[in-house]
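Here is how the chains run, residue by residue.
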Number of protein chains: 2
Amino acid sequence: MLALDEQQQAARDWFESLRNRICAEFEAIEREAGSEAAFDFIPWDREDAEGGPGGAKGGGGVRGLMTGKVFEKVEVNVSTVGGRFSDEFAASVHGAAEDPRFFATGISLVAHMANPHVPAVHMNTRFLTTTRRWFGAAPTSIRPSLTARIPTHSTRGSAPPALRTDPTFYPRFSKWAEDYFFLPHRSVARGVGGIFYDHLECFEPGKGVSFEANFAFGREVGEAFLDIFPKLVRLRMDTPFSDEDMRRLLDFRGRYVEFNLLYDRGTLFGLKTGGNVDAILMSLPPLAAWK
Amino acid sequence: MLALDEQQQAARDWFESLRNRICAEFEAIEREAGSEAAFDFIPWDREDAEGGPGGAKGGGGVRGLMTGKVFEKVEVNVSTVGGRFSDEFAASVHGAAEDPRFFATGISLVAHMANPHVPAVHMNTRFLTTTRRWFGAAPTSIRPSLTARIPTHSTRGSAPPALRTDPTFYPRFSKWAEDYFFLPHRSVARGVGGIFYDHLECFEPGKGVSFEANFAFGREVGEAFLDIFPKLVRLRMDTPFSDEDMRRLLDFRGRYVEFNLLYDRGTLFGLKTGGNVDAILMSLPPLAAWK
């Protein structure tokens, strides 16, 4: 049984309510397209012999999967887990070198879309506890849209309201996404736009930040995603496309497979330490092509 | 200009003649299927500032590509290169820790087939020179056939004539393939059958081996491939298949993508050291699926 303190519980509740609202919205889009697709929810438990901070131990999550007419393959996962990192891994995690116990709660979503004009999307946001506490997130497009850059929060250089909390956030975090989601072997971007941040500390002496402020920012990012992405989907889901557009989509998806299997730290860590393979590789596209 | 000694020249000539015969045979199969597909040959040069053993330096290769009716995507590459490994890499290469200069010549082939009942295949064989000299090879199927195990050299436990030179070779090398071509994160084999060997030394004091004997063995492996694989293709290329068979083929191909991007040493080394991306990733399937 995982014991959560007040902050952990608040973060978990938020991620789960965001999941519920996102899934309901995606199902509504399917109905508008004349489909009755709905999410299947599959709960899973994590077994861990040792406890995390404050006795946190075990936990688990719920995978939500849907195969629809607009959403060719979408998975929305929430998880809330605690335990102890291996010594080797602990050394590389913020605040875990001193004490390898951890707690993590978050939401992770990957949507591969049937219409090549709708950008595929990746969104995750999380709250971590080791000897430190922080938020991280990465809502980004997986590939360039075929027709144009995403005209809202994913357009570089213009921050949506949710990102105006701290004027340095958007320039810093959009640059971070650009640097992180890059394929060095091909010298191309994995996608375009979006933000990436990690280690947004909930208490830094003298800096005036707090759990409340950073949690509020994290919620704004989630709200922005929920506001913007469905609008984009509805804007583009009926755009006609050619065989050549589909071919380009499958090629972009190949780049995404390369990124996840060659570089993505979460994927590599999960696979090499015996994680749940299906949940880890849920991000891979239903179909991809290589020339 | 790459200067070759007599052994290097003999090995290179053999690989190039094997390439010519394989490509001619694959094109003959396409014609039998009513297609006029033919290989495109694309030469490339390797630039290297420093020389390999005996002044070996530079070199290059030829990529051969065909998209046909039976061969959905096949690439047959030969290369003959010399140079100097980075110090870091040299430490991991047989005989290169003392002196990082190297020479390598070989043939590498990957065929993804249109009919799910024809096994996809990977075949490479190579001759390396550092302070040592050796042959290596890996002719294996990429995935299990849908209908049965491959009924000739790829059936475990029964060695074809070419592998009877040394009675220990087949058991050792088929076990090696089984161990190497394995996906730990899924606990499944990448394919079935075939052999894998490396560091087949051309001179080991007191062991009575010689360049001639091991080169003869490497030629037998190439001849066995050229004899057996086209027979298998002709046996299965017209077998009827269902959408479900095609779906399973695309899933198997997904496993192969995972193997190559997560584990294959040659792929990772090539990508992370700035090799020719197109030639390195030529092995990836034209289309792959993930559930």
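Predicted model only: the values in this text are computed from it and were never measured. (Residues numbered from 1 in each chain as written. Chains lettered and ligands numbered in written order. Predicted model: local features only at pLDDT ≥ 70, side-chain atom pairs only at ≥ 80, totals over all residues. Heavy atoms only, no water.)

### Describing the overall build of chain A
No. 1: When its secondary structure is counted, chain A shows seven helices and 11 strands.
No. 2: For chain A, the proportion of contacts with a sequence separation of at least 24, taken over those separated by at least 6, is 67%.
No. 3: With an accessible surface of roughly 12,400 Å², chain A has 53% of that area assigned to carbon and sulfur atoms. (Helix = DSSP H or I, 4+ residues; strand = E, 2+ residues; numbered from the N terminus. Contact = heavy atoms within 4.5 Å. Areas by Shrake-Rupley, 256 points an atom, 1.4 Å probe, with all protein chains shown as cover.)

### Observations regarding the packing of aromatic side chains
No. 1: Evaluated as defined, the whole model comprises 40 aromatic pairs over all chains.
No. 2: With a centroid separation of 5.5 Å and 10 degrees between ring planes, the pair formed by B:F225 and B:F229 is classed as stacked. A residue pair is termed a helical-turn pair when its members lie 3 or 4 positions apart in one helix, as B:F225 and B:F229 do in helix α4 (residues 211-236) at four residues.
No. 3: Among the aromatic residues, those joined into a ring-pair cluster are A:F169, A:F173, A:W176, A:Y180, A:F196, A:Y197, A:F217, A:F259 and A:Y263.
No. 4: Positioned over the ring face of A:F215 is A:R219, at 4.4 Å from the centre of the ring. (Phe/Tyr/Trp six-rings, centres within 6.5 Å; stacked < 30°, edge-to-face > 60°. Lys NZ or Arg CZ within 6 Å of the ring centre and 35° of its normal.)

### Side note on the pattern of salt bridges
No. 1: Applying the stated criterion across every chain, the model contains 34 salt bridges over all chains.
No. 2: The partner of A:D251 in a salt bridge is A:R247, with the nearest N and O atoms 3.7 Å apart. Linking A:D251 with A:R247, this pair stays in helix α5 (residues 243-262), spanning four residues, or about one helical turn.
No. 3: Judged by relative accessible area, which is 33%, A:R247 ranks as partly exposed.
No. 4: Between B:E75 and B:R63 there is a salt bridge whose closest N-O contact spans 2.6 Å. Within this pair, whereas B:E75 is found in strand β3 (residues 71-84), its partner B:R63 is found in strand β2 (residues 58-66), the two being separated by 12 residues in sequence. (Salt bridge = Lys/Arg side-chain N within 4 Å of Asp/Glu carboxyl O. Buried < 20%, exposed > 50% of the residue type's maximum accessible area, 1.4 Å probe, protein only.)

### As for the environment of A:A289
No. 1: Examined against the element boundaries, A:A289 turns out to sit in strand β11 (residues 287-289).
No. 2: Sequence-distant contacts of A:A289, defined by excluding residues within four places in its chain, comprise A:R247, A:L250, A:D251, A:G254, B:P285, B:P286 and B:L287.

### Concerning the pairing of strand β4 (residues 101-113) of chain A
All names here are of chain A.
No. 1: Along β4, 11 of the 13 residues are buried, which leaves the element largely enclosed by surrounding structure.
No. 2: Alignment of strand β3 (residues 71-84) against β4, held across 13 bridges, turns out to be antiparallel. The partner of V78 across the bridge, within β4, is I107.
No. 3: Pairing of β4 with strand β5 (residues 121-129), which is carried by nine bridges, proceeds in the antiparallel orientation. Looking across to β5, one finds that T105 is bridged to F127. (Pairing = 2+ DSSP bridges.)

### Considerations on the interface of chain A and chain B
No. 1: Taken together, the contact pairs 23 residues of chain A with 23 residues of chain B.
No. 2: For the pair chain A and chain B, the number of links is zero salt bridges.
No. 3: In this assembly, chain A and chain B are joined by seven residue pairs in polar contact (both at pLDDT 80 or more).
No. 4: Residue assignment for the side of chain A that touches chain B shows that the elements contributing at least two residues are α5, α6 (265-272), α7 (277-280) and β11 of chain A.
No. 5: The greatest single-element share of the side of chain A that touches chain B, amounting to five residues, is contributed by α5(A).
No. 6: A class-by-class count of the residues in the side of chain A that touches chain B yields 16 nonpolar, one polar and six charged.
No. 7: Pairing of β11(A) with strand β11 (residues 287-289) of chain B involves three bridges; the strand directions are antiparallel. If you follow A:A289 over to β11(B), its bridge partner there is B:L287. (Polar contact = N/O pair within 3.5 Å; in protein donor to acceptor, adjacent residues only side chain to side chain. Nonpolar A, V, L, I, M, F, W, Y, C, P; charged D, E, K, R; others polar.)

### Considerations on unusual backbone geometry
No. 1: We note that A:H199 has phi near 60 degrees; this positive angle belongs to a residue other than glycine.
No. 2: In this structure, A:H199 sits in strand β10 (residues 197-201).

### Quick look at the confidence of the model for chain A
Residues and elements named next belong to chain A.
No. 1: Taken as a whole, chain A shows an average pLDDT of 82; of its residues, 84% reach a score of 70 or greater.
No. 2: Within chain A, helix α1 (residues 6-32) carries the highest mean pLDDT (97), whereas strand β7 (residues 140-141) carries the lowest (68).
No. 3: Low pLDDT, under 50, characterises residues 143-158; the stretch is placed with 49 contacts to residues that sit more than four places away or in other chains.
No. 4: For this predicted complex, the interface confidence comes out at an ipTM of 0.76, alongside a pTM of 0.80. (pLDDT = per-residue confidence, 0-100.)

### Looking at the pairing of β3(B)
Residue and element names in this part refer to chain B.
No. 1: When you tally the buried positions in β3, you get 11 out of 14 residues, the bulk of the element.
No. 2: Taken together, the nine bridges between β2 and β3 define a ladder with antiparallel strand orientation. Looking at the pairing, G59 lines up with V81 of β3.
No. 3: Connecting the antiparallel pair β2 and β3 is a turn made up of four residues.

### Considering the environment of A:K73
No. 1: Within the element layout of this structure, A:K73 appears in strand β3.
No. 2: Residues within four places of A:K73 in sequence aside, it is in contact with A:M66, A:V110, A:A111, A:H112, A:L281, A:M282, A:L284, A:P285, A:P286, B:W290 and B:K291.
No. 3: At 2.5 Å, the side chain of A:K73 forms a polar contact with the backbone oxygen of A:L284.

### Looking at the environment of B:V74
Residue and element names in this part refer to chain B.
No. 1: Examined against the element boundaries, V74 turns out to sit in strand β3.
No. 2: Separated by 48 residues in sequence, V74 and H122 place their C-alpha atoms 9.9 Å apart.
No. 3: With residues near it in sequence (within four places) discarded, V74 still touches F26, F39, G64, L65, M66, V110 and A111.

### Quick notes on the relation of the copies chain A and chain B
No. 1: Least-squares fitting of chain A to chain B yields an RMSD of 0.0 Å, with the transformation described by 0.0 Å of translation along the axis and a rotation of 180 degrees. Such a combination of rotation and displacement between the chain copies is what one expects of a two-fold axis.
No. 2: Taken as a fraction of all interface residues of chain A, those also at the interface in chain B reach 100%, which identifies the copy contact as same-surface. (Least-squares fit on C-alpha atoms with pLDDT ≥ 70 in both.)

### Overview of helix α3 (residues 169-180) of chain A
Residues and elements named next belong to chain A.
No. 1: With 12 residues, α3 should reach 16 Å at 1.5 Å per residue; the first-to-last C-alpha distance of 16 Å fits that figure.
No. 2: Listed in full, the buried residues belonging to α3 are F169, Y170, F173, S174, A177 and Y180. With its buried residues spanning 130 degrees around the axis, α3 presents them on a single face. (Expected span 1.5 Å × (residues − 1). Arc of directions from axis to C-beta.)

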